[in-house]
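Single-letter residue listing:
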Amino acid sequence: MSFGRYGPLVGAIDQGTSSTRFLVFASETAELLTYYQTESQQIYPKEGWVEQNPKDILAAVELCIETAVQNLKDLDIDPADIKAIGISNQRETTILWDKFTGEPLHNAIVWLDGRTTTTVENLIARTPGQNKEYFKPRCGLPLSTYFSAVKIRWLLDNIPEVSEAVSDNRCLFGTVDSWLLWNLTGGVKGGVHLTDVTNASRTMLMNLDSQQWDVNLCRFFDISMSILPTICSSSEIYGHISRGSLKGVPISSCLGDQSAALVGQMCFKMGQAKNTYGTGCFLLYNTGIEPVFSEHGLLTTVAYKLGKDKPTYFALEGSVAICGASIQWLRDKLGIIKEAAEIESLASSVESSHGTYFVPAFSGLYAPYWEPHARGLIIGLTQFTSKAHIARSALEAVCYQTREILEAMFKDSGISLKNLQVDGGMTDNDLLMQLQADLLGITVVRPSMPETTALGAAIAAGMADGINVWNLEATENSNLTTDKFTPQISENGRHYADVTVLCFYLIIIAPVYREECSLP
């Protein structure tokens, strides 16, 4: 089969918390040819609640596909050269819908939503020893508001339409990948109800050993297995687009966004790691084909499985709920900036945060504390403090939390990273990257092509059996350039950095453990 001047192309849906995109890559060179992006709208019904409209998510994906296809035509590139599509998605976000009508039974409950705190407490009370980590040897995850099973349980307990649909055998569950796969391959007219191992591993319902739904976990949460999608590998043909400009094109990869970024960063070897700075901050460390269980508050998760008959790779993960979302908060709620990009120049206008510390625990604290009751704070304010100091403290908070995750990973693995590969929207901020290098004491490596999450989905789609258009070796040997940020502070500066990190940790720990410590 003949192709145009760029050879076979692969498309990637990148459906995130803050935006939805469709990108088109040349499979022979990994070159990004075009893309279209639209912002994702979030709904805040109550304090700590975060929702999205599932139909808006689907509509945004379809809009991005159609607009990017038109962009290709404008570039005199034939859309027929697109041989496959991959999906990367925000993980844990929970959608339940009616399989006969295709209508959502409730808005999607987003991963960082905190409404399930009481549900989590009730579930912990039912475990032996009231231990929130009781199920970690089985599924790799602690009982937390973060994961899908808890969100499903809340919906069953609180939304009559959901419990009725389950009783009537009308209900289907999926994370965003499953919702998109089902709709894009036909919906009520034969859409496939599938997920991949990376997304399934974030539900608390998948057994890490069998990589199938765990009967005992489903029984504990009292969730019917009839609503769950079939678990597949991350790279295989699941179905074909049923309508629109790309009708008939196979969908051949599916990865949770952080796993997709790990693939896009070529972290295929044990000991390689990447950190994504997006709405939240997620550091994944490839542990190879055997799961490693953390003793320091990290998660054990599936990194990827690139084919039905290929081995499953696992990762240790450190998850920080609020990263870029804190910059949006400074913009939308405090009004100290008009655009998110302004944060760098504002924070750069002062030499330090002058003792101001910002803990953005808007949805509690994730790794390594897993404390849903924690709340955000800004302390150290004086009459000298300006909005620039607050802006800088928000960037420093991201770096402090990343350092804490890396320290936990070192304790679990015994291996120190020599450099940190990074991606995500916030990495455009040079000041943030330099602060991160200074606080970690290692080189931070930023790829010149920042769309590594979408690239990972495209790689997995192009490599799938029956597609076979992606040359992974050529991608690894390509001339993709990087920006490197090396530590720039002196030994005295390093000591000062260590002190500021310690102060940040103490500020976090005090409210988390206030009752245990009998603090006033």
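What you are looking at is a predicted structure, and each value in this text was computed from that prediction instead of being measured. (Residues numbered from 1 in each chain as written. Predicted model: local features only at pLDDT ≥ 70, side-chain atom pairs only at ≥ 80, totals over all residues. Heavy atoms only, no water.)

Draft legend 1. Expanded view of the side chain of serine 233. On the secondary structure map, serine 233 appears in the loop between strand S10 (230–232) and strand S11 (235–240). Separated by 3.3 Å, the side chain of serine 233 and the backbone nitrogen of serine 235 make a polar contact. Separated by 2.8 Å, the side chains of serine 233 and glutamate 236 make a polar contact. The residues contacting serine 233, other than those within four sequence positions of it, are Asp196, Tyr238, Lys305, Gly307 and Lys308. (Helix = DSSP H or I, 4+ residues; strand = E, 2+ residues; numbered from the N terminus. Polar contact = N/O pair within 3.5 Å; in protein donor to acceptor, adjacent residues only side chain to side chain. Contact = heavy atoms within 4.5 Å.)

Draft legend 2. Spatial organisation of the sheet that holds strand S12 (residues 250–256). In space, the 6 strands of this open sheet follow the order S3-S2-S1-S5-S12-S11, with mixed pairing throughout. Unpaired on one side and paired on the other, strand S3 (32–39) and S11 mark the two borders of the sheet. Between one strand and the next, the sheet's axes are offset by a mean angle of 25°, whatever the strand orientation. Packing against the sheet, helix H9 (residues 257–264) makes contact with strand S5 (82–89) and S12, and its axis sits at approximately 100° to S12. (Pairing = 2+ DSSP bridges. Axes fitted to C-alpha atoms, helices over the stretch in contact; angles between N-to-C directions.)

Draft legend 3. Quick peek at the layout of surface pockets. A volume near 1,200 Å³ is recorded for the largest pocket. Along the walls of the largest pocket sit 41 residues, with Ser18, Gly278, Gly424, Gly425 and Met426 positioned nearest its centre. Within the residue set of the lining of the largest pocket, elements represented by two or more residues are strand S2 (19–26), S3, H9, strand S13 (273–277), helix H10 (324–334), helix H11 (342–348) and helix H14 (452–463). By residue number, the principal contributor to the lining of the largest pocket is H10, which donates 5 residues. Looking at the lining of the largest pocket residue by residue, the class counts come to 12 nonpolar, 18 polar and 11 charged. (1 Å grid on protein atoms, 1.4 Å probe; cavity = no way out; pocket = protein on both sides within 12 Å on 5 of 7 lines; lining within 4 Å. Points joined across faces, edges and corners; volume = space filled by probe spheres on them. Nonpolar A, V, L, I, M, F, W, Y, C, P; charged D, E, K, R; others polar.)

Draft legend 4. Representation of the nonpolar core. Ranked by size, the top nonpolar core spans 128 residues in total, and within it Phe25, Met204, Leu205, Phe221, Ile223, Tyr277 and Leu395 carry the most contacts. The greatest single-element share of this core, amounting to 12 residues, is contributed by helix H12 (residues 387–413). Excluding its chain neighbours within four sequence positions, the residues that come into contact with leucine 395 are Ile327, Ile343, Ala347, Met426, Asn429, Leu431, Leu432 and Leu435. By size, the runner-up hydrophobic cluster in this structure holds 36 residues, among which are Ile13, Ile57, Ile77 and Ile251. (Core = buried A, V, L, I, M, F, W, Y, C linked by side-chain atoms within 4.5 Å. Buried < 20%, exposed > 50% of the residue type's maximum accessible area, 1.4 Å probe, protein only.)

Draft legend 5. Expanded view of the packing of aromatic side chains. Across all of its chains, the model carries 20 aromatic pairs by this definition. Ring geometry for tyrosine 304 against tyrosine 313: centres 5.1 Å apart, planes inclined by 20°, an arrangement best described as stacked. On the accessibility criterion, tyrosine 313 (23% relative accessible area) is partly exposed. An angle of 50° between the planes, with centres 5.1 Å apart, marks the rings of tryptophan 329 and phenylalanine 362 as tilted. Here tryptophan 329 is found in helix H10, whereas its partner phenylalanine 362 is found in the loop between strand S17 (357–359) and strand S18 (377–379), with 33 residues between them in sequence. Note on tryptophan 329: relative accessible area 26%, which makes it partly exposed. Residue classification places phenylalanine 362 among the partly exposed residues on the basis of a relative accessible area of 27%. Members of the aromatic cluster, each reached through a chain of ring pairs, are Trp111, Tyr146, Phe147, Phe282, Tyr366 and Trp370. Here the basic side chain of arginine 91 rests over the ring of phenylalanine 282, its NZ or CZ set 5.4 Å away from the ring centre. (Phe/Tyr/Trp six-rings, centres within 6.5 Å; stacked < 30°, edge-to-face > 60°. Lys NZ or Arg CZ within 6 Å of the ring centre and 35° of its normal.)

Draft legend 6. Inspection of the pairing of S13 at higher detail. With respect to burial, S13 is a largely interior element, 5 of its 5 residues being buried. The side-chain alternation of S13 yields two buried faces, one formed by Ala273, Asn275 and Tyr277 and the other by Lys274 and Thr276. Direction of pairing for S13 relative to strand S14 (residues 281–288): antiparallel, over a ladder of 5 bridges. Looking across to S14, one finds that lysine 274 is bridged to leucine 284. The antiparallel pairing of S13 with S14 creates a hairpin that spans 3 residues between the two strands. In this sheet, strand S19 (residues 419–423) lies alongside S13 in parallel orientation, the contact comprising 3 bridges. Paired with asparagine 275 across the bridge in S19 is valine 422.

Draft legend 7. The pairing of strand S15 (residues 299–304), seen in detail. Of all 6 residues that make up S15, 6 are buried, and the element is covered over most of its length. The pairing of S15 with strand S16 (residues 313–320) spans 5 bridges and is classified as antiparallel. Note that in S16 the partner of tyrosine 304 across the bridge is tyrosine 313.

Draft legend 8. Inspection of the pattern of salt bridges at higher detail. For the structure on display, the rule yields 21 salt bridges. Across the pair arginine 91 and glutamate 317 runs a salt bridge whose closest N-O atoms are separated by 2.7 Å. Residue arginine 91 is found in the loop between S5 and strand S6 (95–98), and its partner glutamate 317 is found in strand S16; the two are separated by 226 residues along the sequence. Classification of arginine 91 by relative accessible area gives buried; the value is 4%. (Salt bridge = Lys/Arg side-chain N within 4 Å of Asp/Glu carboxyl O.)

Draft legend 9. Representation of the sheet that holds strand S20 (residues 443–447) within the structure. Spatially, S15-S16-S14-S13-S19-S20-S21 is the arrangement adopted by the 7 strands of the open sheet, whose pairing is mixed. Edge strands, defined here as strands with exactly one partner in the open sheet, are S15 and strand S21 (482–485). In this sheet, adjacent strand axes meet at a mean angle of 30° when their direction is disregarded. Summarising the sheet, S14 and S16 pair through 7 bridges and their orientation is antiparallel. Paired with cysteine 281 across the two strands is valine 320, which belongs to S16. Sheet contacts for H12: S13, S14, S16 and S19; angle to S16, the most-contacted strand, approximately 145°.

Draft legend 10. Up close: empty space enclosed by the protein. Counted under the stated rule, the structure contains 2 cavities of 30 Å³ or more. One number sums up the size of the largest cavity: a volume of about 110 Å³. Lining the largest cavity are 15 residues, with Val320, Leu365, Tyr366, Ala367 and Gln401 positioned closest to its centre. Among the secondary structure elements, those contributing two or more residues to the lining of the largest cavity are S16 and H12. A class-by-class count of the residues in the lining of the largest cavity yields 11 nonpolar, 3 polar and 1 charged.

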